[in-house]
Amino acid sequence: MIYLLRHGLDDENYIGGYSDIRLIDEGKRQVEAAIPILIEKCKFDRIVSSDIERAKETANIVSERINVPVEYNQDLRELNKGLLNGMLKEKAKIIYPEYMNVNDINTRYPEGESMLDFYKRINESLDRILKLDNALLVTHRGVINMLYFILNNIPLDMDKEKFGVTHASLHEINPKQKTIRKVEK
């Protein structure tokens, strides 16, 4: 099995994407709360994390608690929001108002990706991701959502909440059956 853990809460005053925004204290607590569930319900021998700071920080908290090494993988990066990555949302509303509530999968962030580009990137990475059997993948809501869309053959849309990928939530991929589901606490 492959397990997916979304990173804990970061400072949501900033735009995420490829930014190096760190976890806030509540995010660290969320990750700590997920660890007993990881220990009880999941079997893995390595942790593979997005190389974006909030995911790395989440992976390192888990690694320190359960003594499993972490490796980093760019395939697990969030949607690239280009020039908006890491920008204060209030500033972005002034400079890039048209990108604050994107609702078209073809709208590309300046120097970044569109949702459709992101979907294609994750789909192209799918075989590599499925080979990470017996691993915990620490990643982002966008990546986990894309895997739900792809593995369930659901048409892509802009609904971020569709699959219940909350902070520090845990999901499971059966790589042989190519199925994904949320692991309930």
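Anyway, here's the lowdown on the structure attached to this text. (Residues numbered from 1 in each chain as written. Predicted model: local features only at pLDDT ≥ 70, side-chain atom pairs only at ≥ 80, totals over all residues. Heavy atoms only, no water.)

### Quick notes on the environment of Tyr119
Structurally, Tyr119 is set in helix 4 (residues 115–130). Linking Tyr119 and Leu147, residues 28 residues apart in sequence, is a C-alpha distance of 8.6 Å. Beyond its immediate sequence surroundings of up to four residues, Tyr119 is in contact with Met146, Phe149, Ile150 and Leu156. (Helix = DSSP H or I, 4+ residues; strand = E, 2+ residues; numbered from the N terminus. Contact = heavy atoms within 4.5 Å.)

### Considerations on the pairing of strand 6 (residues 179–182)
In this sheet, strand 6 lies alongside strand 5 (residues 170–174) in antiparallel orientation, the contact comprising four bridges. From the neighbouring strand, His171 faces strand 6, where its bridge partner is Lys182. (Pairing = 2+ DSSP bridges.)

### Re empty space enclosed by the protein
Scanning all chains against the criterion turns up one cavity of 30 Å³ or more. Of the volumes computed, that of the largest cavity is approximately 50 Å³. Along its surface, the largest cavity is lined by Leu5, Ala34, Ile37, Leu38, Ala168, Ser169, Leu170 and Lys185. When residues of the lining of the largest cavity are assigned to their parent elements, the largest contribution, three residues, is made by helix 1 (residues 25–41). The class makeup of the residues in the lining of the largest cavity is six nonpolar, one polar and one charged. (1 Å grid on protein atoms, 1.4 Å probe; cavity = no way out; pocket = protein on both sides within 12 Å on 5 of 7 lines; lining within 4 Å. Points joined across faces, edges and corners; volume = space filled by probe spheres on them. Nonpolar A, V, L, I, M, F, W, Y, C, P; charged D, E, K, R; others polar.)

### Comments concerning the sheet that holds strand 5
With mixed pairing, six strands are arranged side by side in an open sheet as 3-2-4-1-5-6. A strand with exactly one partner marks an edge of an open sheet, and here the two such strands are strand 3 (70–72) and strand 6. Pairs of neighbouring strands in the sheet enclose a mean axial angle of 25 degrees, with direction left out of account. Its contacts with the sheet place helix 2 (residues 53–66) against strand 1 (2–6), strand 2 (46–49), strand 3 and strand 4 (135–139), and it is angled at close to 170 degrees to strand 2. (Axes fitted to C-alpha atoms, helices over the stretch in contact; angles between N-to-C directions.)

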